[in-house]
Amino acid sequence: MAHILVYSDVNSRVAELVTFAQSAGADVDVLALSPAQAEELAECGATTLLTADSGDATPESCASSVADVVTSRNVDLVVIGSTARGLDLAAQLAGYLGWGYGADVTNPSYADGVVTFERSTYGGTVMSEQKIEGHGVITIGRGSFAAASGAVSATESVDVHGDERIRVVGREEIPTQGVDITSAERVVSVGMGTPAEEDIQIARDMADAMNGAIACSRGVAEERNWLPMDSYVGISGKVIQPKLYLAMGISGQVQHMYGVRDAKTIVAVNTDKNAPICTRGSDYFIVGDMKEYGPLITAEISKL
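In this report, the structure presented in the accompanying data block is examined. Worth saying up front: this structure is predicted, and the values here are computed from it rather than measured.

A word on the sheet that holds strand β12 (residues 244–248)
Within a beta sheet, neighbouring strands are joined by backbone hydrogen bonds and run either parallel or antiparallel to one another.
(1) Moving on: If you walk across this open sheet you meet the five strands as β11-β10-β12-β13-β14, and the pairing is parallel. Looking at strand neighbours, the two that pair on one side only are β11 (213–216) and β14 (284–287), the edges of this open sheet. Pairs of neighbouring strands in the sheet enclose a mean axial angle of 20 degrees, with direction left out of account.
(2) Moving on: By the bridge criterion, four bridges tie strand β10 (residues 186–190) to β11 in an arrangement that is parallel. Looking at the pairing, Val-187 lines up with Ala-213 of β11.

Details of the packing of helix α5 (residues 200–209) against helix α9 (residues 290–302)
(1) Moving on: For the pair α5 and α9, interaxial distance at closest approach is 9 Å and the crossing angle is 15 degrees. In terms of orientation, α5 and α9 fall into the roughly parallel class. Pair α5 / α9 crosses with left-handed handedness. Here α5 contributes Ile-202, Asp-205, Met-206 and Ala-209 to the contact with α9, which in turn contributes Met-290, Lys-291, Gly-294, Pro-295, Ile-297, Thr-298, Ile-301 and Ser-302.

Topic: the sheet that holds strand β2 (residues 27–32)
(1) Moving on: The nine strands lie next to each other as β7-β6-β5-β8-β4-β1-β2-β3-β9, forming an open sheet whose pairing is mixed. One side of each edge strand has no neighbouring strand; the edge strands of this open sheet are β7 (126–133) and β9 (154–157). Between one strand axis and the next, the sheet turns through 35 degrees on average, direction left out of account.
(2) Moving on: The pairing of strand β3 (residues 48–51) with β9 spans four bridges and is classified as parallel. Counterpart to Thr-51 in the pairing with β9 is Ser-157.

Description of the packing of helix α3 (residues 63–72) against helix α4 (residues 84–97)
(1) Moving on: It is at 9 Å that the axes of α3 and α4 come closest, and there the two elements cross at 60 degrees. On the basis of the axis angle, α3 is oblique to α4. In the packing of α3 onto α4, the handedness of the crossing is right-handed. Along its contact with α3, which presents Ala-63, Ser-64, Val-66, Ala-67, Val-70 and Thr-71, the element α4 presents Leu-89, Gln-92, Leu-93, Tyr-96 and Leu-97.
(2) Moving on: Grouping the amino acids of the contact of α3 with α4 by side-chain chemistry returns eight nonpolar, three polar and no charged.

A short note on α9
(1) Moving on: Taking 1.5 Å per residue, 13 residues should reach 18 Å; α9 reaches 17 Å between its end C-alpha atoms and fits that length.
(2) Moving on: Among all positions of α9, only Met-290, Gly-294, Ile-297, Thr-298 and Ile-301 are buried. Taken around the axis of α9, the buried residues stretch over an arc of 100 degrees, which confines them to a single face.
(3) Moving on: Packed against the buried residues of α9 are β10, α5, β12, β13 (265–270) and β14.
(4) Moving on: Two or three places before Lys-291, at the start of α9, stands the capping residue Asp-289, its side-chain oxygen 2.8 Å from that residue's backbone nitrogen.

What counts, and where the lines are drawn
Residues numbered from 1 in each chain as written. Predicted model: local features only at pLDDT ≥ 70, side-chain atom pairs only at ≥ 80, totals over all residues. Heavy atoms only, no water. Pairing = 2+ DSSP bridges. Helix = DSSP H or I, 4+ residues; strand = E, 2+ residues; numbered from the N terminus. Axes fitted to C-alpha atoms, helices over the stretch in contact; angles between N-to-C directions. Parallel < 35°, antiparallel > 145°, perpendicular 65-115°, else oblique. Left-handed = near helix turned anticlockwise from the far one by under 90°. Contact = heavy atoms within 4.5 Å. Nonpolar A, V, L, I, M, F, W, Y, C, P; charged D, E, K, R; others polar. Expected span 1.5 Å × (residues − 1). Buried < 20%, exposed > 50% of the residue type's maximum accessible area, 1.4 Å probe, protein only. Arc of directions from axis to C-beta. Polar contact = N/O pair within 3.5 Å; in protein donor to acceptor, adjacent residues only side chain to side chain.

Structure below.
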């Protein structure tokens with residue numbers, strides 16, 4: 001039987017990764033780097049919960065120590081959540097172990113010692129099918145699998161510690177405005193086709209009506225400074241997975257669409273019927289002005 005180790009610094013994602021590991025018919029170890037995290041993961045459905053106390057060490061600084069745990073437990077595959085810290089840890093872990101590595105994979109499967117998956121390449125224009133034969137490390141994004149549940153079968157303590165050359169000297173919270181777009185199920189987004197800054201209120205009203213979040217393309221945040229930098233979606237911004245992404249005044253260039261490639265449904269409002277988001281990027285689109293159709297959509301949503 002295969003042996004898979006799962007880790008994420010975001011607790012809510014761990015049970016999703018456990019589901020993938022269970023689908024492979026594997027024994028599933030879940031690693032918790034603190035007693036508090038272990039307590040949160042007691043019902044994640046794993047075979048074994050490995051509990052460590054790494055103190056103030058960041059997950060990525062524990063890579064060498066985690067590699068020792070992986071080796072000692074004869075793990076075949078390591079699965080890590082695709083967060084900023086998870087990606088850093090996974091890359092280092094693969095390096096320490098000398099294993100193959102797949103980042104931000106989709107549609108993964110594991111059988112007979114081979115993990116196959118798809119990865120977005122060339123700025124999101126191509127999906128390539130790849131595989132790792134033998135031992136490997138992969139990272140998987142949020143929402144790829146339903147969350148597993150159930151009490152862990154066993155708990156064991158393991159020694160995991162950070163690299164002594166790295167230490168945390170301070171923490172400062174980054175201020176955010178509104179709903180976190182990475183966790184929102186419904187997102188309304190505006191682009192450079194938005195006529196004026198005050199027209200963003202159209203998107204805000206719509207987002208409020210559907211209990212969603214507001215986002216934007218890079219230019220709206222970086223060039224016009226109409227919305228905070230943590231609001232823009234794209235290959236160099238946030239990558240999100242909402243159930244609904246409603247884009248107004250966004251052309252849909254590949255750099256932007258990369259950030260919503262895993263959205264369940266994409267709806268566009270654009271005056272240009274030949275815009276990439278209309279011709280190939282959306283499930284539904286309206287050819288028209290956001291100032292006309294935005295309030296109409298909001299009014300219909302409010303009736304629900």
